[in-house]
Amino acid sequence: MDKHEIVQLFALEGTIAGVQEYGSGHINRTELVEMEKDGQREKYILQRINTEIFHDVDGLMENIVGVTDYLRKKIKAAGGDFEREALQVIPTKDGASYCRAEGDCYRMYRFISNAVSYDAVRSPGDFYESALAFGTFQSLLSDYPAETLHETIPDFHNTPKRFADFCEAVNKDVMGRVALARKEIDFLMEREQELSVLTDLQKAGELPLRVTHNDTKLNNVMLDAKTGKGVCVIDLDTVMPGLSVNDFGDSIRFGANTAAEDETDLSKVSLDLGLYEQYVNGFLKGCQGSLTKKELEMLPMGAKMMTMECGMRFLADYLSGDTYFRIHKEHHNLDRCRTQLALTADMERKWEQMKEIVSRVC
Ligand code: ADP
Ligand code: GN1
Ligand code: MG
């Protein structure tokens, strides 16, 4: 089945004017679809869901439909622009939330118009707006019935479990790549003790489970193309019960890095404390005072944890033959791992300042 035939399975009006690859995510495949009707063009987003990673597509789509319906109602009740501020799933002609075609699963979203997502921070103001959007997302979902959510990727941010998986990849060494990554492996092994800090606090009831996004990269939030204001949080595949500090941390890992996630010149990698402070400001404003004292205290640890965990995931995937994260060149996942570990090391150097900024903002 070609892409046009897949588009035709969805309840869209008009004729197809174009279908082209779009976006830079590592997991799903995204296409921009343009439909034409009476001389007018309407855009949509078609995604092939990565079923190697998401095994329960029914559960995943049930989460997304549930969460987006809920957000739309809340935004509408508050007088917001619910068509732009929440994702809208376009059903198939059969009324389903996604379709299966030749073993693959596809879904369609309404395109969020006049909005952009960035792969790198352009200005501190943009980063503040993304933080406000992710913080607001969390407070809007604070009373969402968490027990109805399916765990789309079990143990997604269970960092000690990620460490165990990583050790297994090192031991198996299926690609014979361990020798190429000895330094990186040692770096992570030396930090094993720290990797369970947040999960231990959660088990002890000191950090609450909340409905969180779990993949708060800068390019998972749309900002208004003109005003730069946050419009809509997207990429909802991993909305599940999780830790607020991890949502905070994953944004810092990606957006407050002075280099790209796959930069090979590690001298360019560092934590931009100015951007970090912007994010703390925006996120806390969005959370509207809902974070506990312990969560506030653990924000810097969330940043470091997500950076170490992501580095570990990239490295485990590199050792296992690049089966999870889409790569665009040889050793891409090793390059990505190296930036994360360089950023971790810089966070260690700036640890006291990271803590001080949080206490100043609170
Ligand atoms: P992935 O899981 O692969 O990261 P995303 O859902 O984040 O996939 O989509 C990839 C990119 O496509 C986003 O970064 C964004 O630029 C764009 N995109 C996704 N959904 C929409 C939408 N509804 N409207 C406009 N752009 C979108
Ligand atoms: C993936 O889908 P995308 O590109 O937004 C990954 C995140 C990683 C990120 C690293 C479902 O995010 O967990 O932090 O790559 N998403 C999933 O860039 O594994
Ligand atoms: Mg994405």
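Refer to the structure printed above.
Now for a look at the structure at hand.

How each quantity is defined
- Residues numbered from 1 in each chain as written.
- Chains lettered and ligands numbered in written order.
- Predicted model: local features only at pLDDT ≥ 70, side-chain atom pairs only at ≥ 80, totals over all residues.
- Heavy atoms only, no water.
- Axes fitted to C-alpha atoms, helices over the stretch in contact; angles between N-to-C directions.
- Helix = DSSP H or I, 4+ residues; strand = E, 2+ residues; numbered from the N terminus.
- Parallel < 35°, antiparallel > 145°, perpendicular 65-115°, else oblique.
- Contact = heavy atoms within 4.5 Å.
- Nonpolar A, V, L, I, M, F, W, Y, C, P; charged D, E, K, R; others polar.
- Pairing = 2+ DSSP bridges.
- Near = heavy atom within 4 Å.
- Polar contact = N/O pair within 3.5 Å; in protein donor to acceptor, adjacent residues only side chain to side chain.
- 1 Å grid on protein atoms, 1.4 Å probe; cavity = no way out; pocket = protein on both sides within 12 Å on 5 of 7 lines; lining within 4 Å.
- Sits in = over half its atoms within 2 Å of the grid points.
- Phe/Tyr/Trp six-rings, centres within 6.5 Å; stacked < 30°, edge-to-face > 60°.
- Lys NZ or Arg CZ within 6 Å of the ring centre and 35° of its normal.
- Areas by Shrake-Rupley, 256 points an atom, 1.4 Å probe, with all protein chains shown as cover.

**A look at the packing of helix H2 (residues 57-77) against helix H4 (residues 124-140)**
Put simply, H2 and H4 touch, their axes get as near as 11 Å, and they point 100 degrees apart. One way to sum up the angle between H2 and H4 is to call them roughly perpendicular. Contacts between H2 and H4 involve Tyr70, Leu71, Lys74 and Ile75 from the former and Phe137, Ser139 and Leu140 from the latter. For the contact of H2 with H4, the per-class residue count stands at five nonpolar, one polar and one charged.

**Focus: the sheet that holds strand E10 (residues 230-233)**
In spatial order, the strands read E7-E9-E10; together these three strands make up an open sheet with antiparallel pairing. Two strands bound the open sheet, and with one partner strand each, they are strand E7 (115-116) and E10. Of the pairings in the sheet, the one linking strand E9 (residues 221-224) to E10 comprises three bridges and is antiparallel in character. Note that in E10 the partner of Val221 across the bridge is Val233. Here H4 sits on the sheet in contact with E9 and E10, set at roughly 125 degrees to E9.

**Description of the pairing of strand E3 (residues 40-49)**
As defined by bridge partners, strand E2 (residues 29-37) adjoins E3 across nine bridges and the pair is classed as antiparallel. Bridge pairing links Thr30 to Gln47 in E3. In this structure, the hairpin formed by E2 and E3 is closed by a connection of two residues, where Asp38 is found at a positive phi of approximately 50 degrees. Sheet topology places E3 next to strand E6 (residues 104-110); six bridges connect them, and they run antiparallel.

**Let's talk about the site of ligand 1**
Around ligand 1 sit 19 residues in total, of which Gln47, Ile112, Ser117, Asn219 and Asp235 are the nearest. Gln47 places a polar side-chain atom, nitrogen or oxygen, 2.8 Å from an oxygen atom of ligand 1. Arg110 places a main-chain nitrogen or oxygen 3.1 Å from a nitrogen atom of ligand 1. When atom positions are compared with the pocket grids, ligand 1 is found to occupy the largest pocket. Looking at the shell around ligand 1, the elements with two or more residues in it are E3 and E6. Tallied by class, the residues present in the shell around ligand 1 amount to nine nonpolar, eight polar and two charged.

**Examining the packing of aromatic side chains**
All told, the structure shown has 10 aromatic pairs when counted by the stated rule. Just above the ring of Phe82 sits the side chain of Lys76; from NZ or CZ to the centre is 5.3 Å. It is Arg191 that lies over the ring of Phe187; its NZ or CZ is 3.6 Å from the centre.

**Describing the site of ligand 2**
Neighbouring ligand 2 are 17 residues, the closest being His26, Lys217, Glu261, Arg313 and Tyr324. One of the side-chain N or O atoms of Asp235 is found 3.1 Å from an oxygen atom in ligand 2. The contact in question runs from an oxygen atom of ligand 2 to an N or O atom on the side chain of Tyr324, over 2.5 Å. Relative to its unbound accessible surface of 440 Å², ligand 2 loses 97% to contact with the protein. More than half of the atoms belonging to ligand 2 lie within 2 Å of the grid points that define the largest pocket. Tallying contributions element by element places helix H11 (residues 299-320) first for the shell around ligand 2, with three residues. Tallied by class, the residues present in the shell around ligand 2 amount to seven nonpolar, four polar and six charged.

This is a description of form; function is not addressed.
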